[in-house]
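The primary structure of each chain is shown beneath.
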Amino acid sequence: ELLGHLDNIGKYGNYGGSGDFDKVDRENSQLRQKLVRYGRYAEVLKYAFPKLKEKMFVTTSKDGRMRIYSWDEETGGTMHDYDSVIQYQGTSGKIYTWTNEPTDDVDIGGFYHQIFQVNTKAGPIYLAVSTFIGSTSLAGQAIKVVKIEGDKLDLNTRLIQTNSGLQNSIDFGYDFFSVVDRPERPIRLFSFDEAKRSFQFPIVIEDEKTPQGRVTNRFITYRFDGKYFVKIS
């Protein structure tokens, strides 16, 4: 069923499809509803979904308690519109799903392709990495703190200590063509050191040649000190 909806999104969407907004909107809505409904089963969280991964992004945490499904709604233009459904196991052992609604204060944006996990005495902290496509050249990446509190998903915990105060996420924009030669897809600009409980991302410089931001070989590193992620370099 999920693969069928994704095929129809491609059939009716703006990228090679008929551009039928009503039909593609219906398919996106049905796909989201089914991920939310079927995602409440433990068997779904455990299943690897090899075929689904060929058509959408499916990323799972190391402990298997959290997974994010992301797909291109194919309703955008050079700026792509993505939707996501988060599936997670609560402290009770029950499986839940969460998806962004227009009335929510939380905007999950982009597509998710990595989940880093930091284990603490109070439970795991998840760092979800997403990519935003603004145009052919303009892109952005973000890392976001996500926690499971009891049977609730907490998307607002501020654990990253920056110069402007505690934040829930860090993001930056860049020119895609400054990293176009890298072999991996999607491009992975955030990296994680499990032993040191730290993540790092490149310094991006805006100059005359790359006003949208050139990705450099220098990095900013944040390490978890037992309470917060603090900048160490």
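Below is a summary of the structure that appears in this document.

Parameters at a glance
Residues numbered from 1 in each chain as written. Predicted model: local features only at pLDDT ≥ 70, side-chain atom pairs only at ≥ 80, totals over all residues. Heavy atoms only, no water. Pairing = 2+ DSSP bridges. Helix = DSSP H or I, 4+ residues; strand = E, 2+ residues; numbered from the N terminus. Axes fitted to C-alpha atoms, helices over the stretch in contact; angles between N-to-C directions. Contact = heavy atoms within 4.5 Å. Buried < 20%, exposed > 50% of the residue type's maximum accessible area, 1.4 Å probe, protein only. Polar contact = N/O pair within 3.5 Å; in protein donor to acceptor, adjacent residues only side chain to side chain.

**Comments concerning the sheet that holds strand S1 (residues 57-60)**
- Strand order in the open sheet made by the four strands is S1-S2-S3-S4, with antiparallel pairing throughout. The open sheet has two edge strands, S1 and strand S4 (95-99), and neither has a second partner. Adjacent strand axes in the sheet meet at a mean angle of 15° when their direction is disregarded.
- Lying over the sheet, helix H2 (residues 21-38) contacts strand S2 (66-72), strand S3 (82-89) and S4, oriented at roughly 170° with respect to S2.

**Some words on the side chain of Thr157**
- As for its position among the elements, Thr157 is in the loop between strand S8 (152-154) and strand S9 (160-162).
- What makes Thr157 buried here is its relative accessible area of 14%.
- Only 2.6 Å separates the side chain of Thr157 from the side chain of Asp154, close enough to count as a polar contact.
- Beyond its immediate stretch of four places on either side in the chain, Thr157 contacts Val145, Lys147, Gln167 and Asn168.

**So, the pairing of strand S13 (residues 198-205)**
- Bridge analysis of strand S12 (residues 191-193) against S13 gives three bridges, and the strand direction is antiparallel. Within S13, the residue paired with Asp193 across the bridge is Ser198.
- As consecutive antiparallel partners, S12 and S13 are separated by four residues, and within that stretch Arg197 has a phi angle of approximately 55°, a positive value.
- Bridge analysis of S13 against strand S14 (residues 214-224) gives seven bridges, and the strand direction is antiparallel. By the bridge assignment for S14, Pro202 is matched with Phe219.

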